[in-house]
Amino acid sequence: MNSGYLTIDGRIVPFEKGQTIIEASTRAGIYIPHLCHNPDFEPHGSCKVCTVNVNGRNCSACTMPAVDGQNILSQTEALNSLRHTIIQMLFVEGNHFCPGCEKTGSCDLQALGYYLNMTDLHFEPMFPHREVDASHPDILLDRDRCILCGLCVRASKEIDLKDAFGLSGRGLKSYLSINSESGLLRDTDISIEDRAVHVCPVGALLVKRKAYEIPIGKRLYDADPISWVRLRSELDSEEGCVDDG
Ligand code: SF4
Ligand code: FES
């Protein structure tokens, strides 16, 4: 049963009790750009790409509950400019060399760059040197591409019930840690069937020896923009079909 109505960019949107703004907007077929949000997991609220203006104040659509009568702005020049800056900052904070990355064409960060018309990095690249974990026979973790969205952490904990990952450190020293005594993936019970291995929105967590199984031209965002692809897959996911792309 609907428990109220809000407006998003002038469109009246019904919502159900307990829904967040992004859940109500997805249900209504309105895309709010996002990175660390996935409707299958608890919200994380870390990337801020989903920032919207609610009754005059900016907040994260993935964590803010839907409330009757909210007036929400999403597709404004100011908010898209903020999102654009966040994406540029994420690009320079890691090593995201799209032409040489096997996730190209299926990467949310790259697709959001296109969606927001990003044409340069603007900031000085940081070229980090973070530890690569290639210890597992089937799974590779390239921390230089990790955007710390926490999706693998939540998937491993909430769906796989393995708790293989954690977010450690603070600020620029934050990193994705592995919950094993050695700190290596090979000493966890993670396997390629796990949801955590397939949920990474960038090319940080990958299954080995699968790089070109899906040829360029047929990848997730090759035909349609992220706004369509995400809406479609998140509406499917509400209906019980899981596809992380
Ligand atoms: S490895 Fe991927 S899913 Fe995990 S925190 Fe980093 S970017 Fe997110
Ligand atoms: S998608 Fe809402 S903060 Fe990342």
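Residues numbered from 1 in each chain as written. Chains lettered and ligands numbered in written order. Predicted model: local features only at pLDDT ≥ 70, side-chain atom pairs only at ≥ 80, totals over all residues.

## Digging into unusual backbone geometry
Okay, so step 1: For K48, which is not glycine, the phi dihedral falls at a positive 70°.
Okay, so step 2: Its location among the elements puts K48 in the loop between α1 (21–27) and β3 (51–54).
Okay, so step 3: Of note in the backbone geometry, N117 takes a positive phi value of approximately 55° without being a glycine.
Okay, so step 4: By secondary structure assignment, the location of N117 is in the loop between α3 (108–115) and β6 (132–133).
Okay, so step 5: Overall, the presence of 8 C-beta atoms within 10 Å leaves N117 in the exposed class. (Helix = DSSP H or I, 4+ residues; strand = E, 2+ residues; numbered from the N terminus. Buried ≥ 20, exposed ≤ 12 C-beta atoms within 10 Å, placed from the backbone.)

## Things to note about the pairing of strand β8 (residues 165–168)
Okay, so step 1: As defined by bridge partners, β8 adjoins strand β9 (residues 175–178) across 4 bridges and the pair is classed as antiparallel. Looking across to β9, one finds that L167 is bridged to L176.
Okay, so step 2: If you look at the hairpin formed by β8 and β9, you'll find 6 residues sitting between the two strands, and G169 has a positive phi there, around 75°. (Pairing = 2+ DSSP bridges.)

## Quick notes on the nonpolar core
Okay, so step 1: Counting residues in hydrophobic clusters, the biggest one holds 58 residues, and the most contacted among them are I21, A61, L112, I147, C152 and A196.
Okay, so step 2: Residue assignment places this core across two domains, with domain 1 (2–75) and domain 2 (83–207) each supplying three or more.
Okay, so step 3: In this structure, C152 is in contact with F165, A196, V199, C200 and L205, ignoring residues within four places of it in sequence. (Core = buried A, V, L, I, M, F, W, Y, C linked by C-beta atoms within 7 Å. Domains from an automatic or database assignment. Contact = placed C-beta atoms within 7 Å.)

## Let's talk about the site of ligand 1
Okay, so step 1: C146, C149, C152, C200 and A204 are the nearest of the 13 residues found near ligand 1.
Okay, so step 2: In terms of residue class, the shell around ligand 1 is made up of 12 nonpolar, 1 polar and no charged. (Near = placed C-beta within 6 Å. Nonpolar A, V, L, I, M, F, W, Y, C, P; charged D, E, K, R; others polar.)

## Considerations on helix α4 (residues 151–159)
Okay, so step 1: All of the buried residues in α4 are L151, C152, V153, R154, A155 and S156.
Okay, so step 2: Where α4 is buried, its residues touch β8 and β10 (205–207).
Okay, so step 3: L161, located one to two residues past α4, shows a positive phi value of around 55°.

## Focus on the domain arrangement of the protein
Okay, so step 1: Domains assigned within the protein are domain 1 (2–75) and domain 2 (83–207).
Okay, so step 2: Between the C-alpha centres of domain 1 and domain 2 there is a distance of 25 Å.
Okay, so step 3: Across the side of domain 1 that touches domain 2, the residue classes break down as 6 nonpolar, 3 polar and 2 charged.

## Thoughts on helix α2 (residues 77–93)
Okay, so step 1: The first and last C-alpha atoms of α2 sit 24 Å apart over 17 residues, in line with the 24 Å expected at 1.5 Å per residue.
Okay, so step 2: Taken together, the buried positions of α2 are R83, H84, I87, L90 and F91. Each buried residue of α2 sits inside an arc of 125° when the element is viewed along its axis, so together they form one side. Exposed residues pointing more than 90 degrees away from the buried face of α2 are listed as A78 and S81.
Okay, so step 3: Looking at the buried side of α2, the elements it contacts are α3. (Expected span 1.5 Å × (residues − 1). Arc of directions from axis to C-beta.)

## Some remarks on the sheet that holds strand β7 (residues 139–142)
The pairing of strands in a sheet happens through backbone hydrogen bonds and is either parallel or antiparallel.
Okay, so step 1: One open sheet accounts for 3 strands, arranged β6-β7-β10; its pairing is antiparallel. Edge positions in the open sheet fall to β6 and β10, since each of these has one partner strand only.
Okay, so step 2: Bridge count for β7 against β10 is 3 bridges, and the pairing is antiparallel. Following the sheet pairing, L141 is matched in β10 by L205.

## Focus: the environment of E193
Okay, so step 1: Checked against the element boundaries, E193 lands in the loop between β9 and β10.
Okay, so step 2: You can call E193 exposed: it has 9 C-beta atoms within 10 Å.
Okay, so step 3: Distance in space between the C-alpha atoms of E193 and D160 is 9.2 Å, their sequence separation being 33 residues.

## Things to note about the pairing of β3
Okay, so step 1: With 4 bridges joining them, β3 and strand β4 (residues 57–60) adopt antiparallel strand pairing. Opposite N53, over in β4, you have N58 as the bridge partner.
Okay, so step 2: Here β3 hands over to β4 after 2 residues, with N55 in that stretch at a positive phi of 50°.

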